[in-house]
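Structural features, examined
Residues per chain, in single letters:
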Amino acid sequence: MANIKSAKKRILVSETRAARNKAIRSGVKTAMKKVEAAVAAGDKAAAQTELTAAISTIAKAETKGVYHKNNVARKVSRLTKAVNGMA
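First, a word on what this report is: a plain description of the structure on this page. (Residues numbered from 1 in each chain as written. Predicted model: local features only at pLDDT ≥ 70, side-chain atom pairs only at ≥ 80, totals over all residues. Heavy atoms only, no water.)

Observations regarding the overall build of the chain
Where we set the bar: Numbered from the N terminus, helices here are DSSP runs of H or I no shorter than four residues, and strands are runs of E no shorter than two. With C-alpha atoms as the basis for the radius of gyration, the globule rule is written as 2.2 Å multiplied by the number of residues raised to the power 0.38. Summary of the burial criterion: residues with accessible area below 20% of their type's maximum are buried, those above 50% are exposed, and those between are partly exposed, where the area comes from a 1.4 Å probe applied to protein chains only. Contacts are assigned to residue pairs that have any heavy atoms within 4.5 Å of one another. His is not counted, nor are the chain ends, whereas Lys and Arg count as positive and Asp and Glu as negative. Here the site of a charge means NZ on Lys, CZ on Arg, CG on Asp, or CD on Glu.
Scanning the chain for helices and strands turns up three helices and zero strands. Starting at the N terminus and walking to the C terminus, you meet the elements of the chain as α-α-α. The C-alpha radius of gyration of the chain comes to 17 Å, more than 25% above the 12 Å expected for a compact globule of 87 residues. Seen through its C-alpha atoms, the chain measures out along the principal axes to roughly 60 × 20 × 15 Å. Burial analysis of the chain (87 residues in total) assigns 23% to the buried set. Across the chain, every contact between residues at least 6 apart in sequence was considered, and the portion connecting residues at least 24 apart equals 65%. Of note, the chain has its 19 positive side-chain charges centred 11 Å away from the centre of its 5 negative side-chain charges.

Points about helix 1 (residues 5–41)
In an α-helix, one turn spans 3.6 residues; hence positions three or four apart end up facing the same way. As a reminder, the rule being used: Here the expected span of a helix is defined as 1.5 Å times the quantity of residues minus one.
If you check helix 1, its first and last C-alpha atoms are 54 Å apart, about what 37 residues at 1.5 Å a residue would give, namely 54 Å. Among the structural elements, helix 2 (44–63) and helix 3 (69–84) are those in contact with the buried residues of helix 1. Following helix 1 by one or two positions, Gly42 has its phi on the positive side, about 85 degrees.

A short note on the packing of helix 1 against helix 3
When two helices pack together, their arrangement is captured by the angle between the axes and the distance separating the axes. Basically, it comes down to this: Lines fitted to C-alpha atoms define the axes, with helix axes restricted to the stretch in contact, and inter-axis angles between N-to-C directions lie between 0 and 180 degrees. Geometric relationships in this document are graded by angle, where less than 35 degrees denotes roughly parallel, more than 145 denotes roughly antiparallel, 65 to 115 denotes roughly perpendicular, and other angles denote oblique. What makes a crossing left-handed is the near helix being turned counterclockwise from the far one by less than a right angle; a clockwise turn instead makes it right-handed. When residues are sorted by character, Ala, Val, Leu, Ile, Met, Phe, Trp, Tyr, Cys and Pro go into the nonpolar class, Asp, Glu, Lys and Arg into the charged class, and all the rest, Gly among them, into the polar class.
Axis separation between helix 1 and helix 3 bottoms out at 10 Å; the angle between their running directions is 15 degrees. Considering their axes alone, helix 1 and helix 3 lie roughly parallel with respect to each other. Read as a crossing pair, helix 1 and helix 3 show a hand that is left-handed. Facing Val28, Met32, Val35, Glu36 and Val39 of helix 1, the residues of helix 3 in contact are Lys75, Leu79, Ala82 and Val83. Its residues assigned to classes, the contact of helix 1 with helix 3 comprises seven nonpolar, no polar and two charged.

Section: a positive patch on the surface
Quick note on the threshold: Note that patches include only residues with greater than 30% relative accessible area and no salt bridge, and the join distances are 9 Å for like charges and 5 Å for nonpolar side chains (Val, Leu, Ile, Met, Phe, Trp, Tyr). Each accessible area is a Shrake-Rupley result for a 1.4 Å probe, and residues are judged covered by the shown protein chains and nothing else. By convention in these notes, a salt bridge is any Lys or Arg side-chain nitrogen within 4 Å of a carboxyl oxygen on Asp or Glu.
The grouping of Lys5, Lys9, Arg10, Arg17, Arg20, Lys60 and Lys64 at the surface amounts to a positive patch. Ranked by residues supplied to the positive patch, first place goes to helix 1 with five residues. Tracing the backbone through its elements, the reader meets Arg17 in helix 1.

What follows is the structure, given as structure tokens:
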């Protein structure tokens, strides 16, 4: 365990941020799974609404600094391509 006050604070801050980042990442994964499930079910309308929600969630994760912009662009692109490819 750290003895220096600033080191103790850094430990607490890093734990807090790690928990926050984990929660945001989890939300993004859940949103992506909802879109993929709607695509697999063949429900175009549901997939479209879930896609809109997922894009919002993913973009918010980018602004919080959890994901890099290229990673966000790739995730959004793949989901959009899946929804647009539905018959």
